[in-house]
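# Structural characterization, general
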Amino acid sequence: MSADAILYAVEPDLTADSFIDVLHRSGLAERRPVADRPRVEAMLRNAGLIVTARNAAGELVGVARSVTDFAFCCYLSDLAVDRACQGRGIGKELMRRTRAEVGEGVTCLLLSAPKAVTFYEAAGMERHAQAFLFTEKP
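Let me sum up the structure you'll find in this document. Being a predicted model, the structure only gives us computed values, none of them experimental.

## Points about the sheet that holds strand 2 (residues 49–55)
Ordered by their spatial adjacency, five strands build an open sheet running 1-2-3-4-5, and the pairing between neighbours is mixed. Of all strands in the sheet, those with a lone pairing partner are strand 1 (6–10) and strand 5 (107–109), marking the two edges. Across the sheet, the mean angle from the axis of one strand to that of its neighbour is 20°, orientation sign disregarded. Alignment of strand 1 against strand 2, held across five bridges, turns out to be antiparallel. Bridging from a neighbouring strand, isoleucine 6 pairs with asparagine 55 of strand 2. Packing against the sheet, helix 3 (residues 90–102) makes contact with strand 1, strand 2, strand 3 (60–68), strand 4 (73–81) and strand 5, and its axis sits at approximately 155° to strand 4.

Shown next, in the form of structure tokens:
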């Protein structure tokens with residue numbers, strides 16, 4: 001295996017420490033509750049699918065965390081790739097593997113961070129004007 005090899009896996013037991021670390025290294029931590037460890041642990045525990053990317057040394061360099069029913073829909077809520085590894089196709093492969101894991105007929109969707117819009121467009125994703133957010137608290 002080359003030093004540049006990336007190993008992808010489904011990791012339902014990804015640790016909060018590893019997840020928080022890659023969120024920081026990717027820049028996504030500014031948009032996630034990384035200081036609230038119990039909340040991060042719940043995010044991981046309640047995710048339906050976690051696909052990871054690790055380098056040859058075993059270091060986590062990317063993660064795709066999704067909430068899914070594996071039947072109708074999949075919300076890819078976190079896609080994070082270490083800044084040092086960006087531009088190598090890791091994010092696109094994490095998305096491809098997520099889609100493969102949930103299976104045919106399952107609609108996959110995500111909300112983009114403002115800085116990532118061009119990445120998703122370049123990855124061939126389609127924008128939808130019909131998306132809505134609940135902005136009022138219950």
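## With respect to the environment of alanine 5
Here alanine 5 shows up in the segment before strand 1. For alanine 5, a relative accessible area of 17% translates into the label buried. Distance from alanine 5 to alanine 57, taken between C-alpha atoms, is 9.5 Å for residues 52 residues apart in sequence. Apart from residues no more than four positions distant in its own chain, alanine 5 is found in contact with Arg54, Asn55 and Ala56.

## Things to note about helix 1 (residues 16–26)
All of the buried residues along helix 1 are Ala16, Phe19, Ile20, Val22, Leu23, Arg25 and Ser26. Buried residues in helix 1 make contact with helix 2 (37–45), strand 3 and strand 4. Note on helix 1: the residue one or two positions beyond its end, glycine 27, has a positive phi of about 95°.

## Observations regarding the pattern of salt bridges
Applying the stated criterion across every chain, the model contains twelve salt bridges. With a shortest N-O distance of 2.3 Å, arginine 25 and aspartate 82 are connected by a salt bridge. Remark: aspartate 82 occurs in the loop between strand 4 and helix 3 and arginine 25 occurs in helix 1; sequence separation between them is 57 residues. The burial state of arginine 25 is the same as that of aspartate 82; both residues are buried.

## Structural notes on the packing of aromatic side chains
By the definition in use, this model includes one aromatic pair. Pairing phenylalanine 119 with tyrosine 120 gives two aromatic rings, centres 5.1 Å apart and planes at 70°, and the pair type is edge-to-face. Here phenylalanine 119 falls in the partly exposed class, since its relative accessible area comes to 30%. For tyrosine 120, a relative accessible area of 11% gives the class buried.

Quick notes on the rules
- Each chain has its residues counted from 1, following the order in which its sequence is written.
- The model is predicted, so local features are restricted to residues of pLDDT at least 70 and side-chain atom pairs to those at 80 or more, both for listing and for counting; the totals for chains, interfaces and linings are taken over all residues.
- Excluding hydrogens and water, the side-chain figures rest on all heavy atoms present in the structure.
- Whether two strands pair comes down to DSSP finding at least two bridges between them.
- Under the DSSP-based scheme used, a helix requires at least four consecutive residues in state H or I and a strand at least two consecutive residues in state E, with every element numbered from the N terminus.
- Whenever a helix is involved, its axis is fitted only over the stretch in contact; in every case the axis is a line through C-alpha atoms, and angles between N-to-C directions fall within 0 to 180 degrees.
- The contact criterion used is simple: two residues touch if any of their non-hydrogen atoms lie within 4.5 Å.
- Throughout this description, buried means an accessible area under 20% of the type-specific maximum (1.4 Å probe, protein chains only), exposed means over 50%, and partly exposed covers the range between.
- Counted as salt bridges are all cases of a side-chain nitrogen of Lys or Arg within 4 Å of a carboxyl oxygen of Asp or Glu.
- In this scheme Phe, Tyr and Trp rings, the latter by its six-membered ring, pair at centre separations within 6.5 Å, and the angle between planes marks the pair as stacked below 30 degrees, edge-to-face above 60, and tilted otherwise.

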